[in-house]
Amino acid sequence: MKITRQKHAKKHLGFFRNNFGVREPYQILLDGTFCQAALRGRIQLREQLPRYLMGETQLCTTRTRIYL
């Protein structure tokens, strides 16, 4: 990750940590659209998100509705 992006991510995480009490493991809600875009871009979410957030993450997904 580039240095400026890493600094911005660290700054924003510090803000949420101090003001809202957000702690590790970070619970990240993913929807189908986001997962599909990551799949098309060949991004490994399980590996990349902990690196970007500089901490442990827990991935959560929304339920998919099946219409018959």
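Structure: see above.
Notes on the structure follow. Everything numeric here is computed off the predicted structure, so don't read it as measured data. (Residues numbered from 1 in each chain as written. Predicted model: local features only at pLDDT ≥ 70, side-chain atom pairs only at ≥ 80, totals over all residues. Heavy atoms only, no water.)

Points about unusual backbone geometry
One can expect most non-glycine residues to show negative phi and most peptide bonds to be in trans. As a reminder of what qualifies: Numbering of helices and strands starts at the N terminus; helices are DSSP runs of H or I of at least 4 residues and strands are runs of E of at least 2.
Of note, the bond from Glu 24 into Pro 25 is cis; its omega dihedral lies within 30 degrees of zero at -5°. Structurally, Pro 25 can be placed in the loop between helix 1 (3–20) and strand 1 (26–30). We note that Met 54 has phi near 55°; this positive angle belongs to a residue other than glycine. Position of Met 54 relative to the elements: it lies in the loop between helix 3 (45–53) and strand 2 (57–61).

Comments concerning the environment of Glu 56
Put simply, the rule reads: Any two residues whose heavy atoms approach within 4.5 Å at even a single point are treated as in contact.
Inspection of the secondary structure assignment puts Glu 56 in the loop between helix 3 and strand 2. Placed 32 residues apart in sequence, Glu 56 and Glu 24 show a C-alpha to C-alpha distance of 5.9 Å. Leave out the neighbours within four places in its chain, and Glu 56 touches Glu 24, Pro 25 and Tyr 26.

Note that every value here comes from positions in space, so none of it alone points to a role or purpose.
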